[in-house]
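Each chain is listed here by its residues.
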Amino acid sequence: MATEEDRQTLSDLAERLRHDDPRFFHALEAGTPCRPREYRHGTAWLMMAVALGGLALGIVLGHGLLIAGGLVLAGIAAHLFDPDRVRAGQGSPPPPG
């Protein structure tokens, strides 16, 4: 049987989840699975494909600006795969563990 303190803790966690990732919260509430924000990488994959395409085109054409642009864009895309990027941008500390 859950104590009042346990219920308050669960309520606080639910409220934090609702604030952090509303789409995931509503999917959990409705009983339909949905990936949390940390594991949605559609934009990152698209940007990585464009970056590698630009890099390959720069290598084929021998154009230094395309190579540099592809490398920079690949670095930005790689940063988007970081699951803690939102938390790091807000300045809050990473979770313990």
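The shown structure was predicted, so the numbers you read here are calculated from the model rather than taken from an experiment. (Residues numbered from 1 in each chain as written. Predicted model: local features only at pLDDT ≥ 70, side-chain atom pairs only at ≥ 80, totals over all residues. Heavy atoms only, no water.)

Participant: Please set out the overall build of the protein chain residue by residue, giving values where relevant.
Facilitator: Each helix and strand counted, the protein chain has 5 helices and 0 strands in total. Moving toward the C terminus, one meets the helices and strands of the protein chain in the order α-α-α-α-α. Residue burial in the protein chain is summarised as follows: out of 97 residues, 15% are buried. Residue pairs at least 24 apart in sequence account for 35% of intrachain contacts in the protein chain once pairs closer than 6 positions are excluded. Total accessible area computed for the protein chain in this model is approximately 7400 Å², and 65% of it derives from carbon and sulfur atoms. (Helix = DSSP H or I, 4+ residues; strand = E, 2+ residues; numbered from the N terminus. Buried < 20%, exposed > 50% of the residue type's maximum accessible area, 1.4 Å probe, protein only. Contact = heavy atoms within 4.5 Å. Areas by Shrake-Rupley, 256 points an atom, 1.4 Å probe, with all protein chains shown as cover.)

Participant: If you had to explain a nonpolar patch on the surface to someone new, which residues and values would you point to?
Facilitator: Residues Leu-57, Val-60, Leu-61 and Leu-66 make up a contiguous nonpolar surface patch of about 380 Å² in total accessible area. Element by element, the count of residues in the nonpolar patch is highest for helix 3 (residues 42-61), at 3 residues. On the secondary structure map, Leu-57 appears in helix 3. Note on Leu-57: relative accessible area 43%, which makes it partly exposed. (Patch = residues over 30% accessible without salt bridge, like charges linked within 9 Å, V, L, I, M, F, W, Y side chains within 5 Å. Salt bridge = Lys/Arg side-chain N within 4 Å of Asp/Glu carboxyl O.)

Participant: Can you tell me about helix 3, naming the residues and giving the values?
Facilitator: Taking 1.5 Å as the rise per residue, helix 3 with 20 residues should run 28 Å; its terminal C-alpha atoms sit 29 Å apart, in good agreement. Of the positions making up helix 3, those classed as buried are Ala-44, Met-48, Ala-51, Gly-54, Leu-55 and Gly-58. Projection of helix 3 onto a plane perpendicular to its axis shows the buried side chains occupying an angular sector of 130 degrees, all on one side. The exposed set on the far side of helix 3, more than 90 degrees from its buried face, consists of Gly-42, Trp-45, Leu-46, Ala-49, Val-60 and Leu-61. Here the buried face of helix 3 lies against helix 4 (64-80). Of the residues flanking the end of helix 3, it is Gly-62, one or two places downstream, whose phi is positive at about 70 degrees. (Expected span 1.5 Å × (residues − 1). Arc of directions from axis to C-beta.)

Participant: So what's going on with the pattern of salt bridges? Which residues, and what values?
Facilitator: Taken as a whole and assessed by the stated rule, the structure comprises 1 salt bridge. Of the charged contacts, one joins Glu-15 and Arg-18 as a salt bridge, the two residues approaching to 3.5 Å between their closest N and O atoms. Of this pair, Glu-15 and Arg-18 both sit in helix 1 (residues 4-20), separated by 3 residues, roughly a single helical turn. Using a relative accessible area of 37% as the deciding quantity, one classes Arg-18 as partly exposed.

Participant: Any details on the packing of helix 1 against helix 2 (residues 22-30)? Residues and values, ideally.
Facilitator: Helix 2 packs onto helix 1 with a crossing angle of 125 degrees between their chain directions and a minimal axis gap of 5 Å. Taken together, helix 1 and helix 2 sit at an angle that is classed as oblique. Residue-level inspection shows Ala-14, Leu-17, Arg-18, His-19 and Asp-20 of helix 1 in contact with helix 2, the latter providing Pro-22, Phe-24, Phe-25 and Leu-28. A breakdown of the residues in the contact of helix 1 with helix 2 according to their chemical character gives 6 nonpolar, 1 polar and 2 charged. (Axes fitted to C-alpha atoms, helices over the stretch in contact; angles between N-to-C directions. Parallel < 35°, antiparallel > 145°, perpendicular 65-115°, else oblique. Nonpolar A, V, L, I, M, F, W, Y, C, P; charged D, E, K, R; others polar.)

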